[in-house]
Amino acid sequence: MEAELQHLQTEARADLAALTDAPGLEAFRVKYLGRKGLCTTVMRSLGAVPDAERPRLGKLANDVRQDLEAAFAAREAELATSQAVSGAVRPDLTLPGRLSPFGKLHPVTQVMDEVCGIFAGLGFAVAEGPDVELDYYNFEALNIPPHHPARDMHDTFYISDSVLLRTHTSPMQVRAMQKAAPPLRMIAPGKVYRCDSDITHTPMFHQVEGFLVDRKVSFGDLKGVLSVFIAKMFDAKTPIRFRPSFFPFTEPSAEVDIGCVICKGVGCRVCKKTGWLEILGAGLIDPAVFKMVGYDPDAYTGFAFGLGMERIAMLKYGITDIRLFYENDLRFLAQF
Ligand code: FA5
């Protein structure tokens, strides 16, 4: 059998060297490498070889096959090049060109740009801050001292005792207020992180923080700004409700829901049968935060809000599972 294999290899290599065209290549492939070709026939005959010899001869048969496959591919490439050079195969210049696919902005980025555009139109400046944040800015300066129960709600990824991945964009309130005196009107878009995952939560998501500080700012101003925003982002008829809530850095605080645009308020999996979906937290900035940054709480008031971008994108595009945004499935992403 060993001699048979060597003979097969020598003969096949000689045949290959003599080939000059595509039909010849195909005939070679069928004769030696096809399903009923000579290589397969030799492999099948291994069953009749004594057990002790089978591993060695099996390996040899495999090596011969691989050698012929490689030689075939090389000869195929060689012939294609020489035919193109000699002009035997002419390119068809009338064929339309193939366009490279264009990349697109991720749907969450598109929504974030739209949100920032709306607030920029209302006179808010844009600021950005670090994803890796100090505990001081993420919690302490926002009136959440160590051991405060509100820390539990944040499911924080800690890097060390004093460094963490920011759990919200609210630290940007403190950073901005430390840098500038009032009046202040800013938004801060960015990534935030929480150890949380289900159809409406992902471990990394995006928020846009907004805050305005001036004399005599009221809860009515907050409602006005958010109502204008929601009317522009969705449509003027979108139902909105302010629900009393609690955040240590705002007083009073509210969570804002809009009518579920997926089920039109009837109740579905995404809105957990309530007909409403929470899109943001908000409130009047707590005087304790003003004291932390050196603002006079008797002279100034302000409001702040934090919007979840993925929630807004889900509502805008009727997406029922937030995790779809981060699976990198081009069939999904190409639709936006
Ligand atoms: C906050 O993060 C507060 N910093 C918001 C705030 C800012 C309140 C300023 C007052 C003043 P909350 O944890 O509720 O609040 O999150 C805000 C929004 O982020 C939610 O309404 C929701 O839309 C979105 N969100 C929260 N967790 C997730 C998550 N794991 N995945 C996706 N979106 C989330």
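Just so you know, these numbers come straight off a predicted model, no measurement behind them.

Examining the environment of D161
Then, number 1: The residue D161 is located in the loop between α6 (135-138) and β3 (163-165) in this model.
Then, number 2: Sequence separation between D161 and D135 is 26 residues, and the spatial gap between their C-alpha atoms is 7.8 Å.

What about the site of the ligand?
Then, number 1: Neighbouring the ligand are 26 residues; H168, S170, R194, Q207 and E278 lie closest to it.
Then, number 2: A distance of 2.8 Å is found between a nitrogen atom of the ligand and a side-chain nitrogen or oxygen belonging to H168.
Then, number 3: In the model, an oxygen atom of the ligand is placed 3.3 Å from a nitrogen or oxygen of the L280 main chain.
Then, number 4: Broken down by element, the shell around the ligand gets its largest block of residues, five residues, from strand β8 (residues 276-285).
Then, number 5: Split into classes, the residues belonging to the shell around the ligand amount to nine nonpolar, 11 polar and six charged.

Thoughts on helix α8 (residues 219-233)
Then, number 1: Across its 15 residues, α8 extends 21 Å between first and last C-alpha, which sits within 8% of the 21 Å expected from 1.5 Å per residue.
Then, number 2: If you check which residues of α8 are buried, you get L222, V225, L226, F229, I230 and M233. Projection of α8 onto a plane perpendicular to its axis shows the buried side chains occupying an angular sector of 130°, all on one side.
Then, number 3: Here the buried face of α8 lies against α5 (107-121), β6 (240-247), β7 (250-259), β8, β9 (301-308) and α10 (309-317).

With respect to the pattern of salt bridges
Then, number 1: One pass over the full model with this rule turns up 19 salt bridges.
Then, number 2: For E133, the salt bridge identified is with R175, shortest N-O distance 2.8 Å. Here E133 is found in strand β2 (residues 132-134), whereas its partner R175 is found in helix α7 (residues 171-179), with 42 residues between them in sequence.
Then, number 3: By relative accessible area, which is 22% here, R175 ends up partly exposed.
Then, number 4: Of the charged contacts, one joins R331 and D329 as a salt bridge, the two residues approaching to 2.7 Å between their closest N and O atoms.
Then, number 5: R331 sits in the exposed class, given a relative accessible area of 68%.
Then, number 6: The partly exposed category is assigned to D329, whose relative accessible area is 25%.
Then, number 7: Several salt bridges share partner residues, and in doing so they unite R241, R243, E255 and D257 into one network.

Conventions used here
- Residues numbered from 1 in each chain as written.
- Predicted model: local features only at pLDDT ≥ 70, side-chain atom pairs only at ≥ 80, totals over all residues.
- Heavy atoms only, no water.
- Helix = DSSP H or I, 4+ residues; strand = E, 2+ residues; numbered from the N terminus.
- Near = heavy atom within 4 Å.
- Polar contact = N/O pair within 3.5 Å; in protein donor to acceptor, adjacent residues only side chain to side chain.
- Nonpolar A, V, L, I, M, F, W, Y, C, P; charged D, E, K, R; others polar.
- Expected span 1.5 Å × (residues − 1).
- Buried < 20%, exposed > 50% of the residue type's maximum accessible area, 1.4 Å probe, protein only.
- Arc of directions from axis to C-beta.
- Contact = heavy atoms within 4.5 Å.
- Salt bridge = Lys/Arg side-chain N within 4 Å of Asp/Glu carboxyl O.

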